[in-house]
Amino acid sequence: MSDSLIPVYLMPGMAANPSIFDGIGLPKDQFITFKLDWHIPEKGISLQEYAQQMCNRITHKNPVLLGVSFGGLLVQEMTKLMQTKKVIAVSCVKSHNELPKKMLFAKYTKAHKLLPTGLVTNVELLAKYAFGETVKKRLHLYEQYLSVRDKYYIDWSIDQIVNWKQDTPPENLIHIHGEKDVVFPISNIKDCVKVKNGTHTMIIHRAKWFNEHLPTLILK
């Protein structure tokens, strides 16, 4: 039976752990899901090299890769290195042309190098980087979700995002984006599946939407 199931690998966003997918439940008679997590990158490693390391953790042929935010960029790089059935990018961009102006500004001015990432143990600040949200009301939840708090990893991640270079998205890409995403504003995004009132953290707060729509999006 397991041989007939479609393998779906889930990659969380920057600083987040796989618990952000706890609300995602695909039909078990059609899909089998696996949660990936971040490891601290070696000094000087590129996103492409990191993607190759992550590909080595995929144990199925022709899987579906789903990534959120920075994880969405990573799975797009992974699909350049391995055959995939579908690549699903959630709450992210599919080319550097969709990056917001403030990130393009950071690329050329190196302003992102000045961010106080040494304070990543401060969950409120980390959530501002990773989710674009002020989280005082749900601080205990974000302490659970945001567990990758290594300064070098955060610096590396931000640098990879602002310097990401991709003109043409993968042909088998599905882009799902919230209309109220403040990290990657919908005004910069083209050709996506829009989620009404969806925010950058909709994979957590709108899990019901994903459970209803992901099976059809994967199979169509």
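Each remark here, short or long, concerns the structure printed above.
Now for a description of the structure that goes with this document. (Residues numbered from 1 in each chain as written. Predicted model: local features only at pLDDT ≥ 70, side-chain atom pairs only at ≥ 80, totals over all residues. Heavy atoms only, no water.)

Quick word on helix H8 (residues 207-219)
Heads up, the condition is: Numbering of helices and strands runs from the N terminus; a helix is a DSSP stretch of H or I covering at least four residues, while a strand is a stretch of E covering at least two. By this rule, a helix spans an expected 1.5 Å times one less than how many residues it contains. At any given residue, the bend is defined as the angle formed between two axes, one fitted to the seven residues that end at that position and one fitted to the seven that begin there. Relative accessibility decides the category of a residue: with a 1.4 Å probe and only protein chains considered, values under 20% of the type maximum give buried, values over 50% give exposed, and everything between is partly exposed.
Taking 1.5 Å of rise per residue, 13 residues should cover 18 Å, and H8 covers 19 Å from first to last C-alpha, within 8% of that figure. At His 213, H8 shows its largest bend, some 40°, and a proline, Pro 215, comes one to four positions later. Of all the residues in H8, the buried ones are Ala 207, Trp 209, Phe 210, Leu 214, Pro 215, Leu 217 and Ile 218.

Some points on the sheet that holds strand E1 (residues 6-11)
To keep it simple, the criterion reads: Pairing between two strands requires that DSSP report at least two bridges joining them. Orientation is described by axes fitted as lines to C-alpha atoms, over the contacting stretch for helices, and by angles from 0 to 180 degrees between their N-to-C directions. Residue contacts are defined here by distance: any two heavy atoms, one from each residue, within 4.5 Å place the two residues in contact.
Here we have six strands laid out as an open sheet, ordered E2-E1-E3-E4-E5-E6, and parallel in their pairing. The strands lining the two open edges of the sheet, one partner per strand, are strand E2 (31-35) and strand E6 (193-195). In this sheet, neighbouring strand axes are inclined to one another by 20° on average, regardless of whether the strands run parallel or antiparallel. As paired elements, strand E4 (residues 86-90) and strand E5 (residues 173-178) share four bridges and run parallel to each other. Of the residues in E5, the one forming a bridge with Ala 89 is His 175. H8 rests against E1, E2, strand E3 (64-68), E4, E5 and E6 of the sheet, and its axis sits at about 150° to E4.

Comments concerning the pattern of salt bridges
Our working rule: Any carboxyl oxygen of Asp or Glu that lies within 4 Å of a side-chain nitrogen of Lys or Arg is treated as forming a salt bridge with it.
Scanning the model with the defined rule gives five salt bridges in all. A salt bridge links Asp 37 to Arg 57; the shortest N-O distance between them is 2.5 Å. Pair noted here: Asp 37 is in the loop between E2 and helix H1 (47-55) and Arg 57 is in the loop between H1 and E3, with a separation of 20 residues, a long-range link. Between Lys 151 and Asp 155 there is a salt bridge, and its shortest N-O distance comes to 2.6 Å. In this pair, Lys 151 and Asp 155 both sit in helix H6 (residues 151-162), four residues apart, roughly one turn of the helix. Given a relative accessible area of 40%, Lys 151 falls into the partly exposed group.

Overview of the packing of aromatic side chains
Counted only if it meets this: Centres within 6.5 Å are what make two rings of Phe, Tyr or Trp a pair, Trp counting through its six-membered ring; a difference in plane orientation under 30 degrees is then read as stacked, over 60 as edge-to-face, and the rest as tilted. Definition used: whenever NZ (Lys) or CZ (Arg) falls within 6 Å of the ring centre and also within 35 degrees of the ring normal, the charge is taken to sit over that ring.
Applying the stated rule across the entire model yields seven aromatic pairs. Their ring planes at 20° and their centres at 4.9 Å tell us that Tyr 9 and Phe 34 sit as a pair that is stacked. One end of the pair, Tyr 9, is in strand E1; the other, Phe 34, is in strand E2, and 25 residues separate them in sequence. Using a relative accessible area of 24% as the deciding quantity, one classes Phe 34 as partly exposed. Their ring planes at 55° and their centres at 5.6 Å tell us that Trp 38 and Tyr 153 sit as a pair that is tilted. You can see Trp 38 sitting in the loop between E2 and H1 and its partner Tyr 153 sitting in helix H6, a full 115 residues away along the chain. The pair Trp 38 / Tyr 153 is uniform in exposure class, with both members buried. One aromatic cluster in this structure is built from Trp 38, Tyr 50, Phe 70, Tyr 153 and Trp 156. The positively charged end of Lys 43 is found above the aromatic ring belonging to Tyr 152, 5.0 Å away from the centroid.

Looking at the environment of Lys 165
Here Lys 165 is to be found in the loop between H6 and E5. With a relative accessible area of 62%, Lys 165 lands in the exposed category. When the C-alpha atoms of Lys 165 and Ser 95 are compared, they prove to be 7.0 Å apart, with 70 residues separating the residues in sequence.

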